[in-house]
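# Geometric and topological summary
Below, each chain spelled out in residue letters.
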Amino acid sequence: MPLPVEAVVFALIGLLAAAAALFLVPEYYPMARGLTIGTGLVSALLSGVITRITLANGHPATTVLITLVCTGLLTSVLARPDLATKHGSHRRRRHAA
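One structure accompanies this document, and this report is about it. (Residues numbered from 1 in each chain as written. Predicted model: local features only at pLDDT ≥ 70, side-chain atom pairs only at ≥ 80, totals over all residues. Heavy atoms only, no water.)

### Quick word on the side chain of glutamate 6
For clarity, the threshold we go by: Numbering of helices and strands runs from the N terminus, with a helix taken as a DSSP run of H or I at least four residues long and a strand as a DSSP run of E at least two residues long. By definition, residues are in contact when any of their heavy atoms lie within 4.5 Å.
Mapped onto the fold, glutamate 6 is located in helix H1 (residues 3-24). Residue contacts for glutamate 6: discarding those within four places in its chain leaves Met1, Arg52 and Pro60.

### Here's the deal with the side chain of serine 43
Selection rule: Only protein chains enter the area calculation, which uses a 1.4 Å probe; residues under 20% of their type maximum are buried, those over 50% are exposed, and those in between are partly exposed. Polar contacts, as used here, are pairs of N or O atoms within 3.5 Å; protein pairs need one atom able to donate a hydrogen and one able to accept it. Residues neighboring in sequence count only if both atoms are side-chain atoms.
Position of serine 43 among the secondary structure elements: in helix H2 (residues 33-55). By relative accessible area, which is 6% here, serine 43 ends up buried. A distance of 3.1 Å separates a polar side-chain atom of serine 43 from the backbone oxygen of glycine 40. Excluding its chain neighbours within four sequence positions, the residues that come into contact with serine 43 are Thr71, Leu74 and Thr75.

### So, a nonpolar patch on the surface
The line we're drawing: Note on patches: the residues involved have over 30% relative accessible area and no salt bridge, like charges join within 9 Å, and the nonpolar side chains Val, Leu, Ile, Met, Phe, Trp and Tyr join within 5 Å. Here the accessible surface of atoms and residues is derived via Shrake-Rupley with a 1.4 Å probe, and residues count as covered only by protein chains that are part of the display. Salt bridge criterion: a side-chain nitrogen from Lys or Arg within 4 Å of a carboxyl oxygen from Asp or Glu.
On the surface, a cluster of nonpolar side chains totalling about 450 Å² of accessible area is made up of Val8, Leu12, Leu15, Leu16 and Ile37. When residues in the nonpolar patch are grouped by element, the largest group, 4 residues, is from H1. The residue isoleucine 37 is located in helix H2 in this model.

### Details of the environment of arginine 52
By the element assignment, arginine 52 lies in helix H2. Given the relative accessible area of 16%, arginine 52 is considered buried. When the C-alpha positions of arginine 52 and threonine 67 are compared, they lie 9.2 Å apart, and in sequence the two are 15 residues distant. With residues up to four places along the chain from it excluded, the contact list for arginine 52 reads Met1, Pro2, Leu3, Glu6, Asn57 and Thr63.

### Topic: the pattern of salt bridges
Scanning the entire structure with this criterion turns up 2 salt bridges. Put simply, arginine 80 and aspartate 82 hold a salt bridge, and the shortest N to O gap is 3.1 Å.

Rendered as structure tokens:
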């Protein structure tokens with residue numbers, strides 16, 4: 001695949017990874033949504049290009065898979081589970097009777 005097509009695929013991976021993080025565990029991301037989406041987008045583009053260069057354009061499926069994993073890992077760096085317990089969680093706590 002040519003680089004412009006792969007760049008669009010990488011951008012979509014980043015946007016989907018960030019949107020999934022915000023949708024599945026929004027309490028872990030108390031900062032602005034734009035920061036999480038921007039981090040997902042930039043991390044997907046950077047990891048995609050680095051992976052493409054490293055693998056020498058030979059394996060597009062592997063490049064996309066590695067980009068997906070790297071984007072998930074780099075987007076999760078922003079997660080703050082310690083703040084989620086203070087602001088309330090989606091899990092209900094049982095109170096002692």
